[in-house]
Amino acid sequence: MLAFRRLSVAAVGAATALTFFITAPVFAVGSCSQTAGVITCTYSATGLEQKFKVPSGVTSVDLAAIGGMGATAVKGGSWSGTPGTGGFGANVSGTLAVTPGQTLYIEVGQNGLPQQGGFNGGGSTDQDSGDQGGGGGGASDVRTTSCGSPCNRYDFGSLNSRLLVAGGGGGGGATFNDNGGSGGSAGSTAGSGQDGTDSPSFPGSAGKGGGGAATSFPGAGGSGGDCDQQDGTTGHYGDFGNGGDTQPIGTAHEPGGGGGGGYYGGGAGGSGARCSSGAVAGGGGGGAGSSYTDPSVTSPSISTDATGVPSITITYTATDQPDGRIRVGSHHYIGGDIYNSDGTGQSIAKNAVVGSRILFRIQVQNDGNGPDSFTFQATGSAAPGYAIRYYWKSTEITSAVVAGTFTTPALPQGYKYTIEAWVKVTSTAGPSASRLVTITSVGDNSKVDAVRFQVNRSN
């Protein structure tokens, strides 16, 4: 039996051994998973802009966005009225043609909070004596131009690049003895906020609901209530991208809800008026923001969400492709971006004297657009006098490589994995020994690449 001893890389004049290489993944933010050849990337609300870089080989993606929900108002005391509830955001989907390498900017709207609008356009509101109006929900959208870090909600260049928008719901109106109005829900039509409830004996004392937005104009602010002591204030209009805020209120007014963000924002609800009886009428609910799909988005669908969990998902079909590379010692790899099954353009031959040991490094890069594993198999005619062994790190894997059963872990797109082939030339060696190493995708076994190495006896 031939004795074989694996030398350190230093013994053959090479640099530190390379084994398992990790590079940055395509997806900077978002959680991606693969099922039955389909990759789904899900983005949750973070209050920050996120990104999606279109992988190689992908020319179409399916988009689905859910806008933020408006907040329910908060009652600060033991009043008898009921706070207005927040409205739901929209659920918008469609298919978009894309270019590999293109970056899409992802803005997932947050749900509104008491007094505070959600990220990406939710309108804010006010409080009185602990009674807090509900902030509007932020819109969720996909665009081609960044809004910056932190995001500038009034960057019209970025807003104009939006391709798909799911509007946010309006916030609920605050209450004292009389009920606040509920916020409007977004969908194919943005709902207006409901009016607050009038104080008894004082018709018209409640704040009016903010108007729902349309794709061509923002929602109007709801008017403040009228009463014999102090009138309420009118809510602000929405604007391009942003829901209206409630105006600052005077003493003992119940604030309206903030408008929802959207392609255009919903109007804020008006505040309830203070009456001589000591009662304060309810504030109006905020209007919802409008939804939108660009003409480049095909098969659009717009409905009202019922989950209250804002998100954006991007789905596309997985493709598989191993990219084999090879080098001898510490020389440069060859074979990158060359795909074939016979080693053409990715073969190396090395002359060697009897007693020498030659190191070849064989590497696969995942050139598909999703996670994939790969098998290695070495084939070739008998080569008496040459001892050929395969290793991953310090573990010998010769039997598995010869049998074609050695399999890498699942590698994300762009990740690399390297094994080593060591060839020892003995005194009984013939003229040469050659091996073809075929690398096959586990996800699609029709996708292969191959590299070849050869050692020629030189004495």
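Residues numbered from 1 in each chain as written. Predicted model: local features only at pLDDT ≥ 70, side-chain atom pairs only at ≥ 80, totals over all residues. Heavy atoms only, no water.

A.B. asks: Residues and numbers for the overall build of the protein chain, please.
C.D. replies: What the protein chain contains, in helices and strands, is 2 helices and 24 strands. Relative to its length of 459 residues, the protein chain is extended, with a C-alpha radius of gyration of 32 Å against a globular reference of 23 Å. If one aligns the C-alpha atoms of the protein chain with their principal axes, the spans along those axes are about 110 × 40 × 30 Å. Pairs at least 24 residues apart make up 72% of the contacts formed inside the protein chain by residues separated by at least 6 positions. Total accessible area computed for the protein chain in this model is approximately 17,600 Å², and 51% of it derives from carbon and sulfur atoms. Of the side chains in the protein chain, 23 bear a positive and 29 a negative charge, and the two mean positions are spaced by 28 Å. (Helix = DSSP H or I, 4+ residues; strand = E, 2+ residues; numbered from the N terminus. Rg over C-alpha atoms; globule rule 2.2 N^0.38 Å. Contact = heavy atoms within 4.5 Å. Areas by Shrake-Rupley, 256 points an atom, 1.4 Å probe, with all protein chains shown as cover. Lys, Arg positive; Asp, Glu negative; His and termini not counted. Charge placed at Lys NZ, Arg CZ, Asp CG, Glu CD.)

A.B. asks: If you had to explain the pattern of salt bridges to someone new, which residues and values would you point to?
C.D. replies: Within the structure shown, the criterion is met by 4 salt bridges. Ionic pairing is found between E107 and R143, a salt bridge with its closest N-O pair at 3.8 Å. Taken together, the residues span a long stretch of sequence, with E107 in strand β7 (residues 103–107) and R143 in strand β10 (residues 140–143) at a distance of 36 residues. The residues E107 and R143 share a single accessibility class, namely buried. A salt bridge links D323 to R325; the nearest nitrogen and oxygen atoms lie 3.0 Å apart. Across the pair, R325 and D323 agree in class, each one buried. What emerges from the salt-bridge pattern is a single network uniting E107, D141 and R143. (Salt bridge = Lys/Arg side-chain N within 4 Å of Asp/Glu carboxyl O. Buried < 20%, exposed > 50% of the residue type's maximum accessible area, 1.4 Å probe, protein only.)

A.B. asks: Run through the confidence of the model for the protein chain, naming residues and quoting values.
C.D. replies: Taken residue by residue, the protein chain gives an average pLDDT of 90. The fraction at 70 or more is 92%. Contacts for the low-pLDDT stretch residues 1–28, under 50 throughout, to residues beyond four places or in other chains number 63 contacts. (pLDDT = per-residue confidence, 0-100.)

A.B. asks: Summarise the sheet that holds strand β5 (residues 60–66); cite the residues concerned and give the values.
C.D. replies: Spatial ordering of the open sheet is given by β2-β3-β14-β5-β6-β13, a layout of 6 strands whose pairing is antiparallel. If you trace the sheet from one side to the other, it starts and ends with β2 (31–35) and β13 (297–304), each paired once. Each strand axis lies, on average, 15 degrees off the axis of its neighbour in the sheet, ignoring direction. Direction of pairing for strand β3 (residues 38–44) relative to strand β14 (residues 311–317): antiparallel, over a ladder of 7 bridges. Paired with S44 across the two strands is S311, which belongs to β14. (Pairing = 2+ DSSP bridges. Axes fitted to C-alpha atoms, helices over the stretch in contact; angles between N-to-C directions.)

A.B. asks: Pulling in residues and values, what's your account of the sheet that holds strand β12 (residues 292–293)?
C.D. replies: In a beta sheet, neighbouring strands pair by backbone hydrogen bonds and run either parallel or antiparallel. Strand order in the open sheet made by the 5 strands is β4-β7-β10-β11-β12, with antiparallel pairing throughout. The open sheet has two free edges, formed respectively by β4 (50–53) and β12, since each of these has just one partner strand.

A.B. asks: Which residues make up the pairing of β7, and what values go with them?
C.D. replies: With 4 of its 5 residues buried, β7 lies for the most part within the structure. Two strands pair when backbone bridges link them, and β4 and β7 are joined in this way by 4 bridges, in the antiparallel orientation. In the strand pairing of β7, Q50 is matched with I106. Pairing analysis gives 3 bridges linking β7 to β10, with the strands arranged antiparallel.

A.B. asks: Describe the state of the cysteines, listing the residues and the values that go with them.
C.D. replies: Enumeration according to the criterion identifies 3 disulfides in this entry. Between C147 and C151 runs a disulfide, and the two sulfur atoms are separated by 2.0 Å. Across the S-S bond of C147 and C151 the torsion is about -125 degrees, and the bridge reads as left-handed. We classify C147 as buried; its relative accessible area is 2%. (Disulfide = S-S within 2.5 Å.)

A.B. asks: Go over the side chain of T246 with me, naming the residues and quoting the values.
C.D. replies: Locating T246 in the fold gives a position in the loop between β11 (162–166) and β12. On the basis of relative accessible area, T246 is assigned to the buried category, the value being 10%.

A.B. asks: I'd love a proper account of the packing of aromatic side chains, names of residues and values included.
C.D. replies: The tally for this structure, following the rule as stated, stands at 11 aromatic pairs. Ring geometry for F360 versus F453: centroids 4.8 Å apart, planes at 25 degrees, classification stacked. Of this pair, F360 sits in strand β17 (residues 357–366) while F453 sits in strand β24 (residues 448–457), placing them 93 residues apart in sequence. Just as F360 is buried, F453 falls in that class too. Lying over the aromatic face of F240, R162 brings its terminal NZ or CZ to 4.9 Å of the ring centre. (Phe/Tyr/Trp six-rings, centres within 6.5 Å; stacked < 30°, edge-to-face > 60°. Lys NZ or Arg CZ within 6 Å of the ring centre and 35° of its normal.)

A.B. asks: Mind laying out the environment of G329, listing which residues take part and the relevant values?
C.D. replies: The residue G329 is located in the loop between β15 (322–328) and β16 (347–352) in this model. On a C-alpha basis, the gap between G329 and E420 in space is 9.9 Å, while along the polypeptide they are 91 residues apart.

A.B. asks: Provide a residue-level description of the nonpolar core, including the pertinent values.
C.D. replies: Grouped together as the largest cluster of nonpolar side chains are 32 residues, with contacts concentrated most on F360, I362 and F453. Of all the secondary structure elements, the ones that give two or more residues to this core are β15, β16, β17, β18 (374–379), β19 (386–392), β22 (416–425), β23 (432–441) and β24. Examining the composition of this core, we find that 5 residues originate from one element, β22, more than from any other. In contact with F453, not counting residues within four places along its chain, are I326, I348, F360, I362, I388, Y390, A421, V423, A433, S434, R435 and V437. One finds A65, A190, A288 and V297 within the second-largest nonpolar core, a separate group that totals 28 residues. (Core = buried A, V, L, I, M, F, W, Y, C linked by side-chain atoms within 4.5 Å.)

A.B. asks: Break down the environment of D131 for me, with residues and values.
C.D. replies: Examined against the element boundaries, D131 turns out to sit in strand β9 (residues 131–132). Apart from the residues lying within four places of it in its own chain, the contact partners of D131 are V74, K75, G76, G77, W79, D126, A174, T175, F176, E254 and P255. In this structure the side chain of D131 is engaged in a polar contact, spanning 2.7 Å, whose partner is the backbone nitrogen of G76. (Polar contact = N/O pair within 3.5 Å; in protein donor to acceptor, adjacent residues only side chain to side chain.)

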